[in-house]
Amino acid sequence: MVTDNQMGQPQRPQSSEQQILLLGQVLHSLREEDNLDFLIKTTVTYLLEQFEYQLIWLALYDPLNHTLYGRGGWTPDNDHNALQRNIRLYEGNLLEQVVNEQCPVGVSNLQAEARIPEWQEVAAQYNIQGTIILPIRYKNNLLGLVLLGSERWGYLLKGELRAKLFIVIGELGVVLAQKDRSSRFSKSPTDSLLKLLENIRSLGSLNKRLEAVVEAAHQFVAPSRTNIYWLEREGRYFWCRMSNHLINMGRDLSNPSAATAGITVQELSDFYYALAVNQVVWVTETGSSLKSHFKDKLLQRLGVRAVLAAPIIWQKDLLGFLSVESHEQRIWSEAEMSFVQAASGFISLVAPTDSMETTIRQIQQDTQLTQQVAQTIYKEQDIDASLHICAARLLERLTATRFVLLEYDSNQKKYEIIFQSVRPNRRNLNLSLGELSEVDIQLLQNAKQALEIENFEEDLRLLNWRKQLLENSVRSLLICNCTQGRVPELLLLITHDSHRSWKNLEKELLWVFAQNLGVVIRHWQMRTFSEDQHKIAQTAKKYLDILTNSAQKITPTAAIKQIASVLGCPFGFMLSWSPDDQEASIIRGVCTDNQFTLLADAKINIKQEAIIHWATHQDGYLTFSFEDLPPDTRQWLQIPPKSQVFCMALRINPQEPVTDVVVLADYGQNRWSESTLSATVTFILQLAWWQHQQRVIEKLEASKEELQRLNWYKHRRLEEIYRMAALLVSQLRDLGVPRNELTQMRYKLLMRQLEYTTNSMVGVIKYEQWQLYMTSETMSVSSLWKRSLERVDNLVQQRQLWIGVHGLGQSNEDRESQKTSSSSTNFLIAANKSTMSISGDILKIELVIYELLIAACERSPIGDKIDIWCRPLDESNLEILMTDNGSMEPELLAILNQEASKYSLSLNNLQHKQITHLLICQHIIHQLGGQLQIYKLDDNRLVSRLVLPLSLQTQSGELNSSLSI
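The notes below deal with the structure included here. Just so we're clear, the structure is a prediction, and the values are computed from it rather than from any experiment. (Residues numbered from 1 in each chain as written. Predicted model: local features only at pLDDT ≥ 70, side-chain atom pairs only at ≥ 80, totals over all residues. Heavy atoms only, no water.)

Comments concerning the sheet that holds strand 12 (residues 317-326)
Heads up, the rule is: One bridge is not enough; two strands pair if DSSP finds at least two bridges between them. Strands here are runs of E lasting at least two residues and helices are runs of H or I lasting at least four, both read from the DSSP assignment and numbered beginning at the N terminus. In what follows, residue pairs with any heavy atoms lying within 4.5 Å of each other are defined as contacts. Structural elements are reduced to axes, namely lines fitted to C-alpha atoms, with helices fitted over the stretch in contact, and the angle between N-to-C directions of any two is expressed from 0 to 180 degrees.
Across the sheet, six strands lie side by side as 9-8-7-12-11-10; this open sheet has antiparallel pairing. Lying at the two open borders of the sheet, with one neighbouring strand each, are strand 9 (263-264) and strand 10 (281-284). As paired elements, strand 7 (residues 225-232) and strand 8 (residues 237-243) share six bridges and run antiparallel to each other. Within strand 8, the residue paired with isoleucine 228 across the bridge is methionine 242. Packed onto the sheet, helix 11 (residues 294-302) meets strand 7, strand 9, strand 10, strand 11 (306-314) and strand 12 and runs at close to 80° relative to strand 10.

The following block contains the structure:
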């Protein structure tokens with residue numbers, strides 16, 4: 001068990017006053033002494049006297065090299081080598097733990113502690129077991145440590161001994177911290193910098209000033225050599241411009257030896273980017289301010305063991321760096337770092353003066369360039385010609401390869417090149433760039449200057465474009481959003497075929513140029529849009545004149561010419577066929593360019609032709625290039641390579657079969673705007689409507705002629721039937737009345753029926769030869785239903801239906817239902833006592849009810865039931881509701897309830913007898929002052945609702961006509 005006296009040695013008998021006095025003397029000696037060796041000796045002597053340790057080792061810590069340097073101590077045989085040893089710390093070492101945590105650490109047996117192998121051999125030599133390791137620190141700054149070893153096992157100390165030990169070690173930390181601070185300021189760079197500033201002021205040329213800076217830095221820091229490296233942006237490498245050894249490392253990368261002497265940015269990118277953000281970089285074999293593996297590369301590249309570099313920056317542009325280099329292992333002090341940084345700052349101030357005249361001249365040229373762009377807004381100049389001039393000057397100014405203007409196409413979801421200019425002996429880019437990532441969009445939208453990518457192969461920005469641009473030899477670029485603060489829809493791209501960077505002044509020039517260019521392009525687009533709208537308006541007027549001209553016989557051809565003029569296409573035609581055809585015919589429209597032709601007598605298979613397949617399966621228009629056409633199509637459609645093709649099917653209803661496709665073609669470089677494409681689609685839809693209207697009109701005219709012939713035939717047949725029936729009645733009268741009473745009764749009944757039937761034809765022949773004539777009659781509702789149900793008796797029996805009529809105004813006493821006298825009809829008619837009567841043309845009302853019953857019976861399932869409800873709607877109208885469980889197409893219901901648009905009345909609907917008859921019934925009831933509706937309930941039952949006017953007087957069921965028959 002470890003006890004408090006395990007570590008403590010038998011102290012010499014001293015009183016408390018003597019111990020305190022001795023401690024005070026030691027602390028006083030530490031405060032007054034300036035010599036480091038005497039401080040360490042005083043501390044070791046006190047520890048030896050007060051604690052009688054067999055091993056004492058005191059070391060100072062170097063944070064740059066992460067190394068402990070032994071400065072003294074004590075062993076039984078005073079082994080100098082053991083006490084002056086230097087220990088490089090590493091992960092897992094117990095000494096490193098003390099350094100990192102800055103807390104004491106105890107070891108029970110130093111000989112068996114594997115985490116401190118440097119002292120195991122010494123511990124075994126002197127039989128050292130219990131050991132305590134104490135950090136020497138001031139605040140959070142670790143200055144060194146003390147190792148105390150005893151022959152006893154364990155490491156605990158009593159409280160009084162622990163306090164004295166911590167007081168002495170703490171005071172030593174304070175004194176060492178003061179000496180470290182004073183030594184840091186002993187080598188002050190102020191005087192040397194003032195002398196250097198005075199020297200620079202008296203010199204004229206830049207090279208003389210650089211030479212003075214190199215000489216002063218070399219004298220102050222005393223390295224192995226001092227160099228000034230200059231950045232060559234186009235080659236993206238540093239070359240030695242000035243050295244104390246007068247070594248010119250060369251600028252010509254075409255010379256292999258010179259290129260080898262330079263420092264390329266690509267091989268030491270972290271070093272370059274640290275300098276670019278105005279960071280002083282120090283690198284030694286044991287440490288570095290760079291958190292990467294590039295430190296070893298840099299030392300190997302320069303052939304030294306320690307480097308200190310400070311950037312030379314002017315207007316945020318890295319011009320180069322001042323470097324002091326040592327062939328020996330070296331720790332750079334704060335004073336040396338400050339001097340080198342200040343000296344590089346002097347170079348930053350004097351470097352621009354060497355090229356001041358050139359800079360002023362460039363600024364004037366840049367101003368003229370931006371003004372030239374702005375002037376195109378107010379002058380009616382060709383924007384392409386102006387852009388070519390500006391692009392050529394800008395490429396020369398930026399020493400770039402390509403000037404590319406990109407515009408986002410929201411339909412295709414990609415960026416298209418709308419303008420580009422390249423240096424001589426360079427080829428144009430022929431590509432479309434996909435969508436940018438959300439990060440890149442936000443970056444361009446929030447940018448306030450041109451974005452620079454020096455090495456496109458390593459940069460993660462514009463990652464979606466990397467593959468395509470690298471395939472086209474783009475290695476570095478500048479990119480600007482031409483509309484600052486908005487989603488990047490117009491982008492200016494400046495590219496170079498090699499890795500390079502641009503000055504901040506050049507990036508500012510490009511940014512101003514891009515913003516002015518954005519205004520110009522927007523102004524040009526607005527003007528183009530206005531011109532397009534004016535052209536569309538003129539074309540629309542001509543187009544409508546063509547469609548509304550009934551005397552025009554070649555409307556499709558003329559219409560295609562106008563449609564092609566909207567897009568400015570030199571070529572247009574239409575493929576047309578009938579539903580039963582196997583091949584499509586060509587309706588030629590316009591051809592103003594001999595490069596666009598159609599093969600004469602071409603046979604176009606409807607099912608195999610690609611254009612027909614694409615158009616009929618596309619909801620709207622479709623655009624594609626010549627390269628997309630299959631070989632079979634190219635045989636009959638002969639257009640130049642890289643042409644663009646527009647096609648659209650003539651369709652007004654997705655359910656109707658397509659029989660026409662409009663095809664337009666133009667050269668690929670001619671862009672189609674959204675407004676012209678939208679107008680073209682509208683015109684094609686109008687043409688589709690016109691063709692549909694023509695077909696409907698032709699069908700209606702044919703139907704009208706047929707109906708006229710049918711009406712003439714039926715009317716003449718009706719006249720003949722009337723003539724023959726009247727002749728028979730006359731002959732029957734001439735024969736006289738039979739003598740038999742029963743026969744006589746039967747004879748009179750048949751005579752009255754024959755006379756009634758014959759007389760009923762008079763009104764039809766006389767008043768309804770070419771139009772309906774409405775009469776005014778009255779009849780009881782029960783009689784009306786009895787007559788109507790007798791007509792459908794056979795159909796009801798065939799389909800085994802039950803028809804129930806309810807609500808004919810029966811009394812409370814008589815509500816039992818009884819079957820009608822007809823033996824063959826399954827009818828249930830509620831008995832009535834209070835009879836309701838209707839007024840109007842009863843014959844026509846009977847025909848309407850008959851039509852409704854026929855429709856209900858035909859659509860009802862076999863063995864089902866049809867319910868009919870009659871009730872007064874108000875004082876003057878009767879409501880009849882007929883419900884059945886049949887079904888009807890939603891389109892037909894929409895037509896009957898006037899919910900469908902006019903085009904729903906297609907040719908198929910005109911041929912549909914049922915819907916035609918029901919529409920006629922609706923019209924007749926409306927003429928009689930009533931209503932007829934057919935709709936579906938929530939439980940899917942169909943309801944036929946009929947509203948008829950009530951009669952003011954009640955009749956017994958006899959038919960009283962106001963016509964004289």
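Here we look at the packing of helix 7 (residues 190-202) against helix 12 (residues 334-350)
Basically, it comes down to this: Any angle that is under 35 degrees is reported as roughly parallel, and any over 145 degrees as roughly antiparallel; angles of 65 to 115 degrees are reported as roughly perpendicular and all others as oblique. Less than a right angle of anticlockwise turn of the near helix away from the far helix marks a crossing as left-handed, whereas a clockwise turn marks it as right-handed. Polarity classes work like this: nonpolar for Ala, Val, Leu, Ile, Met, Phe, Trp, Tyr, Cys and Pro, charged for Asp, Glu, Lys and Arg, and polar for all others, with Gly in that last group.
It is the contact of helix 7 with helix 12, at a shortest axis distance of 11 Å, that shows an interaxial angle of 20°. Judged by the angle between their axes, helix 7 and helix 12 are roughly parallel. The hand of the helix 7/helix 12 crossing is right-handed. Touching Ser192, Leu193, Leu196, Leu197 and Ile200 of helix 7 are Phe339, Ala342, Ala343, Phe346 and Val350, all from helix 12. When grouped by side-chain class, the residues that make up the contact of helix 7 with helix 12 number nine nonpolar, one polar and no charged.

Focus: the environment of isoleucine 56
In this fold, isoleucine 56 is placed in strand 1 (residues 55-62). Once the C-alpha coordinates of isoleucine 56 and leucine 147 are considered, the two residues, 91 residues apart in sequence, prove to be 5.7 Å apart. Each residue touching isoleucine 56, except ones within four places of it in the same chain, is listed here: Val44, Leu47, Leu48, Gly72, Gly73, Trp74, Leu83, Leu147 and Leu148.

Some thoughts on the nonpolar core
In a soluble, globular protein the nonpolar side chains are often hidden away together inside. Heads up, the rule is: By nonpolar core we mean a set of buried residues, namely Ala, Val, Leu, Ile, Met, Phe, Trp, Tyr and Cys, connected to one another through side-chain atoms within 4.5 Å. Throughout, exposure labels follow a simple rule: accessible area from a 1.4 Å probe, protein chains only, divided by the maximum for the residue type, with under 20% read as buried, over 50% as exposed, and the rest as partly exposed.
Membership of the largest hydrophobic core comes to 45 residues, with the highest contact counts inside it found for Trp785, Ile868 and Cys870. Broken down by element, the residue count for this core peaks at nine residues, all from helix 25 (residues 842-859). If we ignore the near neighbours within four places in the chain, the residues touching cysteine 870 are Val781, Trp785, Val805, His806, Gly807, Leu808, Leu878, Glu879 and Ile880. Of all hydrophobic cores here, the second largest spans 36 residues; its members include Val213, Val214, Phe220 and Val324.

A few points about the packing of aromatic side chains
Test applied: Each Phe, Tyr or Trp ring, with Trp reduced to its six-membered ring, pairs with another whose centre is within 6.5 Å; inter-plane angles below 30 degrees give stacked pairs, above 60 give edge-to-face pairs, and intermediate values give tilted ones.
Overall, the coordinates contain 19 aromatic pairs when judged by the stated rule. Relative to tyrosine 272, the ring of phenylalanine 238 lies with its centre 6.2 Å away and its plane at 55°, an arrangement referred to as tilted. In this pair, phenylalanine 238 sits in strand 8 while tyrosine 272 sits in helix 10 (residues 269-276), placing the two residues 34 residues apart along the sequence. By the burial criterion, phenylalanine 238 is buried, and tyrosine 272 matches it. Relative to phenylalanine 513, the ring of phenylalanine 403 has its centre 5.9 Å away and its plane inclined at 85°; by these criteria the two rings are edge-to-face. Taken together, the residues phenylalanine 403 in strand 13 (residues 402-409) and phenylalanine 513 in helix 17 (residues 504-548) connect sequence positions 110 residues apart. On the accessibility criterion, phenylalanine 403 (0% relative accessible area) is buried.

As for the pattern of salt bridges
To be explicit about the condition: By convention in these notes, a salt bridge is any Lys or Arg side-chain nitrogen within 4 Å of a carboxyl oxygen on Asp or Glu.
All told, the structure shown has 21 salt bridges when counted by the stated rule. Note that glutamate 416 is salt-bridged to lysine 414, the shortest N-O span being 3.5 Å. Of the residues examined, glutamate 416 reaches a relative accessible area of 18% and is grouped as buried. For lysine 414, a relative accessible area of 25% puts it in the partly exposed group. Residue aspartate 884 is joined to arginine 859 by a salt bridge in which the shortest nitrogen-to-oxygen separation is 3.1 Å. Here aspartate 884 is found in strand 33 (residues 877-884), whereas its partner arginine 859 is found in helix 25, with 25 residues between them in sequence. On the basis of relative accessible area, aspartate 884 is assigned to the buried category, the value being 1%. Classification of arginine 859 by relative accessible area gives buried; the value is 13%. Three or more residues joined by partner-sharing salt bridges are found here, namely Arg402, Arg426 and Asp497.

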